[in-house]
Every structure is written in C-alpha cells, then in structure tokens.
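Chain residues, written in single-letter form:
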Amino acid sequence: MLKAPDHQVAGHQAQDGNLGPLIDGSGRFYKPLQSDERGPQEVLFYTSFASNPTVPNHIRLFFPAFHGTVTLPASDGSGPHPHLVLDDLVHGFSHPSLLDLKIGSRTWYPTSSDKYFKKCFDKDKETSSLTLGFRISGLRVYKGEGFGFWKPDKNAVKGYVTAGDVESVLRRFVSSSADPSMDCAFDSVVYGGADGILARLLELKVWFEEQTEYHFYSCSVLMGFEREAAEKGREGRVMVRLVDFAHVLDGGGVIDHNFLGGLCSLIRFLKRILTDAGANVVGKDPPFMENGCLE
C-alpha cells in the first residue's frame with residue numbers, strides 16, 4: 001500500500017491533492033518525475049552515476065540507491081505518472097529527527113532561463129544562501145515520547161536568514177528539548193565522534209575537493225538521527241545523504257566550488273557548536289570566507 005511519507009521535511013508533498021513522493025513501507029521511496037526537463041535530467045544523473053566507475057564506493061553511500069523508474073498512479077489523482085524508485089532513507093528509523101539543507105551560494109545553474117534565474121536568485125538573496133553558502137529548507141525534531149515533533153512551518157523556515165538564526169536551528173536540532181534553551185545535549189553523538197555527522201561531512205568534503213565530473217546545483221544535504229540512540233550515547237543511528245539531483249551538470253574538469261563552499265560553511269558551523277560544548281572535534285578547519293566560499 002503506497003502512502004505519503006510522514007517524515008518528509010522539504011519539497012512537494014503528496015497531500016491535499018498535490019503531486020508528491022510516496023513510500024511502500026518496505027524500504028522504497030517513489031519520487032514523481034517532474035514534467036519538464038528536470039525529470040529526465042534526474043533520471044540521467046542517477047543512471048550515469050550508478051555506472052560511473054570513478055566514484056569511490058564510500059562516496060556512493062552518501063547517495064540514495066537507485067532502482068530504476070516505474071509508472072504509478074499519481075498522488076494528485078491525475079493518473080499514471082513515472083516515478084524514480086529510490087531507497088527510503090529513513091526506513092527502519094522509529095522517530096527520525098531530520099534537517100534538510102540546500103547547499104550552495106547559488107541554486108541557479110549557468111544555462112538556466114532568465115525566468116528560472118530570477119526565481120532562484122531572489123530566493124537565494126532572501127535566505128542565507130548568498131551569505132552563508134547554504135540555507136535551511138525544512139526540519140523536524142523528535143521531542144521525546146508523548147511530546148511529538150517540533151516542525152516549523154514554511155513561513156518560519158523562510159525566516160532563518162542570519163547566521164544566528166541558522167546556528168540556533170543547528171543547536172536546537174541536537175538539544176534534548178526543541179524549545180530555545182538549546183542545551184545541545186546530543187551534539188557529541190550526533191555531530192561529533194568518529195561516525196558522527198561532522199566526520200561524514202569531512203569525508204564528503206575530501207571528495208568534492210577532487211571531483212570535477214559533476215556540478216550539483218540546488219542539491220540538499222539531508223541529516224538525521226534517532227533520538228532514542230542519542231539518549232543512550234550511541235552513534236549508530238546517524239544519517240548524512242545528498243538528495244535532489246534535477247540540476248546536476250557536467251563539471252567540465254572544474255571543481256564544484258559552489259557546492260564545496262557551502263559544505264565548508266556548514267562544517268564550520270558544526271565545528272563551532274562542538275567546540276563551544278567541549279566535544280571532540282574531528283579534522284582541521286576548512287578554508288572559509290564570509291560568503292561561505294573557499295579562499
């Protein structure tokens with residue numbers, strides 16, 4: 001039985017008669033192809049990436065596994081519609097806390113139309129993208145048994161513009177309470193440690209410092225953890241994945257500085273949070289400038 005995922009924090013959602021992704025409850029995530037060139041572009045990326053021998057195996061783990069395409073009844077009732085078949089990234093989690101971060105100081109790509117450029121540029125400059133190199137697209141934080149989730153609505157998320165706003169959310173994401181107290185109780189097992197989010201982002205950063213095949217525009221880092229494991233001091237239920245590949249272009253032998261700069265900026269924020277809390281910080285500080293780009 002297909003249904004709308006209750007863990008989705010950003011993007012188009014399959015509710016109120018809208019077209020959105022579905023899950024089958026057994027580990028598959030069905031993402032409807034966009035009707036314009038973005039749909040075929042995302043299929044092309046997944047197909048070529050899956051067969052690319054130059055991508056290291058440890059890097060493939062940052063990407064959802066691709067299982068082809070299938071035609072399914074659309075969630076908006078419009079009839080049969082092609083869908084990407086991907087792994088459901090939080091299948092097996094009980095109460096995942098999730099944070100979707102759009103990476104890059106610009107989400108428009110060089111060949112975009114004037115209309116699309118203006119749409120993206122306006123959003124980039126109205127959010128933290130231009131100043132920090134990334135922005136918060138959506139989140140939900142499990143507050144514990146009997147307390148449900150803290151899930152700010154779209155208007156609240158759009159208000160996370162300054163560095164202070166973004167850091168506050170990153171701190172609340174790993175706090176024992178979702179209120180503004182921000183005790184960062186879970187920072188050491190979620191952000192820190194040998195298998196925490198920071199270590200995984202640093203691993204991803206090394207690849208982006210070298211790879212020149214792909215430029216990832218309007219792509220997100222999806223971070224998640226299981227509160228029950230964090231409360232017991234366990235690192236095992238932490239997730240870092242890249243999602244949304246409708247605007248991946250040929251890198252042409254050039255490093256993707258747009259994505260790399262945003263990634264370095266995010267790393268810097270997490271390191272500061274861990275340092276303030278006295279937790280173990282992995283790796284050296286990445287090069288950084290005020291606009292979130294590499295020096």
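Residues numbered from 1 in each chain as written. Predicted model: local features only at pLDDT ≥ 70, side-chain atom pairs only at ≥ 80, totals over all residues. Heavy atoms only, no water.

Naming follows an unreviewed UniProt entry, where the chain appears as Inositol polyphosphate multikinase of Acorus calamus. The UniProt entry for the chain carries this comment under Function (unreviewed entry): "Inositol phosphate kinase with a broad substrate specificity." The Sequence similarities (unreviewed entry) comment attached to the chain in UniProt states, word for word, "Belongs to the inositol phosphokinase (IPK) family." (UniProt positions renumbered as here; feature names shortened; annotations may be inferred.)

Draft legend 1. Geometry of the nonpolar core. Ranked by size, the top nonpolar core spans 63 residues in total, and within it F63, L170, Y191 and F216 carry the most contacts. The element that contributes the greatest number of residues to this core is helix 10 (residues 257–277), accounting for 10 residues. Apart from residues lying up to four places away in sequence, L170 is in contact with L99, Y191, M223, L266, F269, L270 and I273. Listed in part, the eight residues of the second largest apolar core include V9, V90, F93 and V243. (Core = buried A, V, L, I, M, F, W, Y, C linked by side-chain atoms within 4.5 Å. Buried < 20%, exposed > 50% of the residue type's maximum accessible area, 1.4 Å probe, protein only. Helix = DSSP H or I, 4+ residues; strand = E, 2+ residues; numbered from the N terminus. Contact = heavy atoms within 4.5 Å.)

Draft legend 2. Examining the layout of surface pockets more closely. Of the pockets and cavities examined, the second largest pocket occupies roughly 210 Å³. For the second largest pocket, the lining is made up of 15 residues, of which D6, H7, I23, V90 and F93 are closest to its centre. A breakdown of the residues in the lining of the second largest pocket according to their chemical character gives five nonpolar, six polar and four charged. (1 Å grid on protein atoms, 1.4 Å probe; cavity = no way out; pocket = protein on both sides within 12 Å on 5 of 7 lines; lining within 4 Å. Points joined across faces, edges and corners; volume = space filled by probe spheres on them. Nonpolar A, V, L, I, M, F, W, Y, C, P; charged D, E, K, R; others polar.)

Draft legend 3. The arrangement of the side chain of N258 in detail. Looking at where N258 falls in the secondary structure, it is placed in helix 10. Owing to a relative accessible area of 8%, N258 belongs among the buried residues under this scheme. One polar contact links the side chain of N258 to the main-chain carbonyl oxygen of R106, over a distance of 3.0 Å. Discounting residues that sit within four places of it in the chain, N258 has contacts with G104, S105, R106, F216 and Y217. (Polar contact = N/O pair within 3.5 Å; in protein donor to acceptor, adjacent residues only side chain to side chain.)

Draft legend 4. Highlighting the environment of E213. Locating E213 in the fold gives a position in the loop between helix 8 (197–208) and strand 8 (214–216). Along the backbone, E213 and V254 are 41 residues apart, and their C-alpha atoms lie at a distance of 7.6 Å. Excluding anything up to four places from it in sequence, E213 contacts N52, T54, L249, D250 and G251. A distance of 2.4 Å separates the side chain of E213 from the side chain of T54, its partner in a polar contact.

Draft legend 5. Seen up close, the sheet that holds strand 3 (residues 66–73). Spatially, four strands are ordered 1-2-4-3 in an open sheet, and the strand pairing comes out antiparallel. In the strand order of this sheet, the two ends are held by strand 1 (22–23) and strand 3, each with one partner. Summarising the sheet, strand 2 (residues 28–32) and strand 4 (residues 80–87) pair through five bridges and their orientation is antiparallel. Residue pairing across strands places F29 opposite L86, the latter belonging to strand 4. Lying over the sheet, helix 1 (residues 38–50) contacts strand 2, strand 3 and strand 4, oriented at roughly 35° with respect to strand 4. (Pairing = 2+ DSSP bridges. Axes fitted to C-alpha atoms, helices over the stretch in contact; angles between N-to-C directions.)

Draft legend 6. Structural detail: the confidence of the model for the chain. When the pLDDT values of the chain are averaged, the result is 88; 89% of them are 70 or greater. Below a pLDDT of 50 lies the segment residues 282–295, which in the model reaches 38 contacts outside its immediate sequence neighbourhood of four places, other chains included. (pLDDT = per-residue confidence, 0-100.)

Draft legend 7. Broad picture of helix 3 (residues 114–126). In a regular helix each residue adds 1.5 Å, so 13 residues correspond to 18 Å; helix 3 covers 18 Å between its end C-alpha atoms and thus fits that length. Of the residues making up helix 3, those classed as buried are Y116, C120 and D124. The buried side chains of helix 3 occupy one side of the element, clustering within an arc of 60° when seen end-on. The outward face of helix 3, more than 90 degrees from its buried face, is lined by the exposed residues D114, K115, K118, K119 and E126. (Expected span 1.5 Å × (residues − 1). Arc of directions from axis to C-beta.)

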